[in-house]
Amino acid sequence: MPDAIPFETRHVLIDGHWRAGAGGQTLTLHNPSDGSALAEIARGDAADIDAAVAAAQAALDGPWGALTAAERGRILLKMSALTLERADELARLEALDVGKPLKQGRADAVAMARYLEFYGGAADKVMGETIPFAAGYTALTLREPHGVTGHIVPWNYPMQIIGRSVGAALAMGNACVLKPAEEACLTALAFGRIALDAGLPAGALNIVPGLGEEAGAALSAHRGVAHLSFTGSVAVGRLIQAAAARNTIPVTLELGGKSPQIVFADANLDEAVPVIINAIVQNAGQTCSAGSRLLVETSVYERVLAAVGERVAALRVGPAAMDLDVGPLIRANQLDRVNAFLAPYQAGHSAAGRLVAHGSIVDAAPSGGFYAKPSLIADVAPDAPLACDEVFGPVLAAMPFRDEADAVRLANGTEYGLVAGVWSENGGRGLRMARALRSGQVFVNNYGAGGGVELPFGGVKSSGYGREKGFEALYGFSVMKTVVLRHT
Ligand code: NAD
């Protein structure tokens, strides 16, 4: 095993101290680029969650709770600066742990720094209101922290998701307990080091790596937690929602997606095609907001397929350290899942749909790694699993549409509603489509794949509810109190 894994990243962080898990158990992390064991790290359990929640509450009752909003903001800005300084190291850890090509991991570190900068700057700019009320009264509102907030994050973008959720929660004065995904703990724990080095008081951020059904379930059920934010699968999101309901606490759910990229005949294809490719191959398609469905107006359908297919065929897949277009998938069963979606479209199968193009896995890719070829499949039936279900891999499902109404019907025809992209030079149509699409974000003539620190982000339908990112997240991570004074 490489010994290049920092001390801190093998431990839980509770009340400012790095230590072994209470039960003395460990988790084995694997390197997706070659399948090898990477590190043994602490496997936190319910006892660690208990201690973490108690430490967070003590921080709220002590030094952390006593800071002004401006002081909290300054600490976040320091965390942002340290994150930027350590971006290369964070990218290295992410490459080992998640298989992310180095430039993509570095981009995630820079995005995390930007979240911390945004929320550091915003910490002292969230205000209540005075309300015109009855004569002889003054009525006002205060925005207060929830208290202890629980953050359960997935493995696909640990840094970005921690930045947007923990960053906003700390800005509002909450104390956090973070449970990273069991497949991806290293950058989360490195973030804990950054927080301590920036002067965040002990207990304001506690990090408990561990299994979902162990540490994650304990955190979501804990009576001392006042708010939960969860990013992950629909199935686990429903469990979190049920746990939150038992304690009557609010929850923000960022779940999956099957986001359409809709191309009209009048689109600027030179601009659209590279963006369409990036929206599906970024992070090997393991992106909740991946643009995984390509809907194209019939008259330009074959032209678009040819242009997209040509670029897909040129994509190269390989280990994170080679920093190619696409890295490995996170684990073996994710690769099996992607291959199962692709199987009906291979030669010899009779399902409607055709494989237009696929990229290639470089010869230097270790045989133990979890590599999937990026693929473009055309003529996918709207009710086929590939058109309806989240693959979480680099597979783009294309289908034609006749007109605007047909495009809206297809685009809205899944259980998800996270992001949508529309490509058309007709501004009126762009706006009409934006209003008609059932989706948390709509991009016209661009596609953010969830990007944009300033832009509220979240879903409708099975994609979840609540908004992270932007100023909106600060409202989610705070609770409004109304105060009425009678003075005559
Ligand atoms: P997952 O739901 O299995 O795991 C996510 C997190 O939940 C992990 O930390 C895991 O340990 C924890 N968890 C698992 N079981 C739990 C339980 N019973 N109680 C409490 N916590 C539990 O998801 P995954 O497979 O790791 O991630 C992929 C999914 O996440 C995809 O569906 C993807 O769309 C979604 N996702 C959504 C967004 C978004 O912002 N909308 C972002 C990234 C990923």
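The structure this text deals with has already been given above.
Since the model is a prediction, treat every value here as computed from it, not as a measurement.

Draft legend 1. Representation of the overall build of the chain within the structure. In terms of regular secondary structure, the chain is built from 16 helices and 22 strands. Its C-alpha radius of gyration of 23 Å places the chain within 12% of the 23 Å reference for a compact globule of 488 residues. Taking the principal axes of its C-alpha atoms as reference, the chain extends roughly 75 × 65 × 40 Å. Per-residue burial for the chain yields a buried fraction of 57% across its 488 residues. The contacts of the chain with a sequence gap of at least 6 include a subset with a gap of at least 24, amounting to 74%. Summed over all atoms, the accessible surface of the chain reaches about 18300 Å², with 55% contributed by carbon and sulfur. When the 40 basic and 48 acidic side-chain charges of the chain are each reduced to a single mean position, those positions are 5 Å apart.

Draft legend 2. Main features of the nonpolar core. By size, the foremost hydrophobic cluster in this structure holds 86 residues, and its most contacted members are Trp 64, Met 79, Leu 170, Val 177 and Leu 205. A total of eight residues in this core trace back to one element, the largest contributor, which is helix 6 (residues 158–171). In this structure Trp 64 touches Ala 59, Arg 72, Ile 75, Leu 170, Gly 173, Asn 174, Ala 175, Leu 200, Pro 201 and Ala 204, once residues within four positions along its chain are discounted. By size, the runner-up hydrophobic cluster in this structure holds 61 residues, among which are Ala 372, Val 380, Ala 407 and Val 422.

Draft legend 3. Examining the packing of helix 4 (residues 87–98) against helix 5 (residues 102–122) more closely. Where helix 4 contacts helix 5, the two axes come as close as 8 Å, and the packing angle between them is 125°. The angle between helix 4 and helix 5 falls in the class oblique. In the packing of helix 4 onto helix 5, the handedness of the crossing is right-handed. Residues Ala 87, Asp 88, Leu 90, Ala 91, Arg 92 and Ala 95 of helix 4 touch helix 5, and the partners they reach there are Leu 102, Gly 105, Arg 106, Ala 109 and Met 112. Across the contact of helix 4 with helix 5, the residue classes break down as seven nonpolar, one polar and three charged.

Draft legend 4. The site of the ligand, seen in detail. The full set close to the ligand counts 30 residues, and Lys 179, Glu 182, Ser 233, Leu 255 and Glu 390 are the nearest of them. In this structure, Glu 390 approaches the ligand through a side-chain N or O atom, which is 2.6 Å from an oxygen atom. Its free accessible area being 840 Å², the ligand has 89% of it covered by the protein chains. Its atoms largely coinciding with the cavity grid, the ligand occupies the largest pocket. Those elements giving two or more residues to the shell around the ligand turn out to be helix 6, helix 8 (212–221), strand 10 (227–231) and helix 9 (234–247). For the shell around the ligand, the residue count by class is 17 nonpolar, seven polar and six charged.

Draft legend 5. Spatial organisation of the layout of surface pockets. Of the volumes computed, that of the largest pocket is approximately 850 Å³. Surrounding the largest pocket, 40 residues form its lining, Phe 230, Thr 231, Gly 232, Ser 233 and Val 236 being those nearest its centre. Broken down by secondary-structure element, the contributors of at least two residues to the lining of the largest pocket are helix 8, strand 10, helix 9 and helix 12 (332–342). Considering every element that reaches the lining of the largest pocket, the biggest residue donor is helix 9, with seven residues. Of the residues that constitute the lining of the largest pocket, the class distribution is 20 nonpolar, nine polar and eleven charged.

Draft legend 6. Up close: the pairing of strand 13 (residues 293–297). Of all five residues making up strand 13, five are buried, and the element is well covered by its neighbours. Where burial is concerned, the two faces of strand 13 agree: the one with Arg 293, Leu 295 and Glu 297 and the one with Leu 294 and Val 296 are both buried. By the bridge criterion, four bridges tie strand 12 (residues 260–263) to strand 13 in an arrangement that is parallel. Considered in strand 13, the bridge of Ile 262 is made with Leu 295. Since strand 12 and strand 13 lie parallel, the crossover through helix 10 (residues 269–281) that links them has a hand, and here it is right-handed. Relative to strand 18 (residues 395–401), strand 13 runs parallel, the two being bridged by five bridges. In the sheet register, Val 296 faces strand 18, and the bridge partner there is Pro 400.

Definitions and cut-offs
- Residues numbered from 1 in each chain as written.
- Predicted model: local features only at pLDDT ≥ 70, side-chain atom pairs only at ≥ 80, totals over all residues.
- Heavy atoms only, no water.
- Helix = DSSP H or I, 4+ residues; strand = E, 2+ residues; numbered from the N terminus.
- Rg over C-alpha atoms; globule rule 2.2 N^0.38 Å.
- Buried < 20%, exposed > 50% of the residue type's maximum accessible area, 1.4 Å probe, protein only.
- Contact = heavy atoms within 4.5 Å.
- Areas by Shrake-Rupley, 256 points an atom, 1.4 Å probe, with all protein chains shown as cover.
- Lys, Arg positive; Asp, Glu negative; His and termini not counted.
- Charge placed at Lys NZ, Arg CZ, Asp CG, Glu CD.
- Core = buried A, V, L, I, M, F, W, Y, C linked by side-chain atoms within 4.5 Å.
- Axes fitted to C-alpha atoms, helices over the stretch in contact; angles between N-to-C directions.
- Parallel < 35°, antiparallel > 145°, perpendicular 65-115°, else oblique.
- Left-handed = near helix turned anticlockwise from the far one by under 90°.
- Nonpolar A, V, L, I, M, F, W, Y, C, P; charged D, E, K, R; others polar.
- Near = heavy atom within 4 Å.
- Polar contact = N/O pair within 3.5 Å; in protein donor to acceptor, adjacent residues only side chain to side chain.
- 1 Å grid on protein atoms, 1.4 Å probe; cavity = no way out; pocket = protein on both sides within 12 Å on 5 of 7 lines; lining within 4 Å.
- Sits in = over half its atoms within 2 Å of the grid points.
- Points joined across faces, edges and corners; volume = space filled by probe spheres on them.
- Pairing = 2+ DSSP bridges.
- Right-handed = clockwise from strand over helix to strand, strands pointing away.

On their own, these measurements won't tell you what the molecule is for.
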